[in-house]
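Structural description and commentary
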Amino acid sequence: MDIQLIIVILIGIAVGFILLRNIYNFFFTKRDTSYCAGCKGCEPIKKHISSEK
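Residues numbered from 1 in each chain as written. Predicted model: local features only at pLDDT ≥ 70, side-chain atom pairs only at ≥ 80, totals over all residues. Heavy atoms only, no water.

Looking at the overall build of the chain
A tally of regular secondary structure across the chain gives two helices and zero strands. For the chain, the residues scored as buried account for 0% of the 53 residues in total. Carbon and sulfur atoms provide 69% of the accessible area of the chain, an area that totals close to 5,400 Å². (Helix = DSSP H or I, 4+ residues; strand = E, 2+ residues; numbered from the N terminus. Buried < 20%, exposed > 50% of the residue type's maximum accessible area, 1.4 Å probe, protein only. Areas by Shrake-Rupley, 256 points an atom, 1.4 Å probe, with all protein chains shown as cover.)

Remarks on the packing of aromatic side chains
A full pass over the atoms with the stated rule returns two aromatic pairs. Seen from their ring centres, Phe26 and Phe27 are 5.0 Å apart, and the 85° between their planes marks the pair as edge-to-face. Taking the relative accessible area as the measure of exposure, Phe27 reaches 57% and is therefore exposed. (Phe/Tyr/Trp six-rings, centres within 6.5 Å; stacked < 30°, edge-to-face > 60°.)

Brief notes about a nonpolar patch on the surface
Taken together, the side chains of Met1, Ile3, Leu5, Ile6, Ile7, Ile9, Leu10, Ile11, Ile13 and Val15 define a hydrophobic patch exposed on the protein surface, amounting to about 1,000 Å² of accessible area. As for its placement among the helices and strands, Ile6 is situated in helix α1 (residues 3–28). (Patch = residues over 30% accessible without salt bridge, like charges linked within 9 Å, V, L, I, M, F, W, Y side chains within 5 Å. Salt bridge = Lys/Arg side-chain N within 4 Å of Asp/Glu carboxyl O.)

Here's the deal with α1
Over its 26 residues, α1 runs 37 Å from end to end, which matches the ideal 38 Å to within 8%, given 1.5 Å per residue. Of all 26 residues that make up α1, zero are buried, and the element is exposed over most of its length. The N-cap residue of α1 is Asp2: its side-chain oxygen and the backbone nitrogen of Gln4 are 3.2 Å apart. (Expected span 1.5 Å × (residues − 1). Polar contact = N/O pair within 3.5 Å; in protein donor to acceptor, adjacent residues only side chain to side chain.)

In C-alpha cells form, the structure reads like this:
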C-alpha cells in the first residue's frame, strides 16, 4: 500500500470519529447554559426583579 493512502485512511477515520462524537453530544447531552448565553446584560433586570419581591 502507498503511504499516502494509509495517511488518508487514518485522517478519514479520525474525522469520522470526531463527527460522530459531536453529533452524539448535540443530541444526547444536557446543556446548562442560560437563555441569554451568560451575558451581563440581564443582571440589572434580575437584581431589579429580586429587589421588588
